[in-house]
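# Architecture at a glance
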Amino acid sequence: MFMALLVLCSTVSVTVEKHFCGGTLVDVGVFTPANKCCSDTSSSVQTSQESHCCNDVVDFVEGQDELLLASNDEFNKFQAEFFSAVIISYVQLFENLPKKNLPNYNYVPPNLVHDMHILHKVFLI
């Protein structure tokens, strides 16, 4: 998910339009044009001073338009290496372990006459 969002954000182009009136920022538009205070269509009379006071600044941040795609040969090689590593590790997971030689396998402990821990009420915690 993170990689998909990273590719999406790096390929999106953004247009930021700022409208200034008299040196103060009036409106900012991202992906849309900014609202202009001087282009009021209801008043047919505009003085030359009003047209000079307004200023538009457009910032365009272009996204990446070229993505590097791996060729089929490189991808097939990667797939083969990946699956061979998975198969080898899976086969080694179920290998039989060598049997150990236990010298006391046939040893029978002596019978307990009295359980000394219970007799003296000494318990390991």
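Data block above holds the structure.
Residues numbered from 1 in each chain as written. Predicted model: local features only at pLDDT ≥ 70, side-chain atom pairs only at ≥ 80, totals over all residues. Heavy atoms only, no water.

### Structural notes on the packing of aromatic side chains
Going through the model one piece at a time under the given rule, you end up with 2 aromatic pairs. Ring geometry for F82 and F83: centres 5.6 Å apart, planes at 65 degrees, overall edge-to-face. The exposure class of F82 is partly exposed, given its relative accessible area of 46%. What links up through ring pairs into an aromatic cluster is the set F78, F82 and F83. (Phe/Tyr/Trp six-rings, centres within 6.5 Å; stacked < 30°, edge-to-face > 60°. Buried < 20%, exposed > 50% of the residue type's maximum accessible area, 1.4 Å probe, protein only.)

### Some thoughts on the pattern of salt bridges
When charged atoms on two side chains of opposite charge get close, those side chains can pair. The full count for this structure, using the stated rule, is 1 salt bridge. D59 is the salt-bridge partner of K18, the closest N and O atoms lying 3.5 Å from each other. Of the two residues, K18 sits in strand 1 (residues 14–21) while D59 sits in strand 3 (residues 54–61), which places them 41 residues apart along the sequence. Relative accessible area serves as the criterion here: at 27%, K18 is assigned to the partly exposed category. (Salt bridge = Lys/Arg side-chain N within 4 Å of Asp/Glu carboxyl O. Helix = DSSP H or I, 4+ residues; strand = E, 2+ residues; numbered from the N terminus.)

### Here we look at the sheet that holds strand 2 (residues 24–30)
What the 3 strands build is an open sheet, ordered 2-1-3; its pairing is antiparallel. Whereas interior strands pair on both sides, the edge strands pair on one side only; in this sheet they are strand 2 and strand 3. On average, each strand axis in the sheet is inclined to that of its neighbour by 20 degrees, with strand direction left out of account. Bridging between strand 1 and strand 3 involves 8 bridges; their strand directions are antiparallel. Looking across to strand 3, one finds that E17 is bridged to V58. (Pairing = 2+ DSSP bridges. Axes fitted to C-alpha atoms, helices over the stretch in contact; angles between N-to-C directions.)

### A short note on a nonpolar patch on the surface
On the surface, a cluster of nonpolar side chains totalling about 640 Å² of accessible area is made up of L5, L8, V12, L25, V28, V30 and F31. Broken down by secondary-structure element, the contributors of at least two residues to the nonpolar patch are helix 1 (2–11) and strand 2. Ranked by the residues each element gives to the nonpolar patch, the list is headed by strand 2, at 3 residues. With respect to the helices and strands, V28 occurs in strand 2. (Patch = residues over 30% accessible without salt bridge, like charges linked within 9 Å, V, L, I, M, F, W, Y side chains within 5 Å. Areas by Shrake-Rupley, 256 points an atom, 1.4 Å probe, with all protein chains shown as cover.)

### Section: the side chain of E17
When you line up the elements, E17 lands in strand 1. Here E17 falls in the buried class, since its relative accessible area comes to 14%. When sequence neighbours within four positions are dropped, the list of residues in contact with E17 reads D27, V28, G29, T32, P33, A34, K36, V57 and V58. (Contact = heavy atoms within 4.5 Å.)

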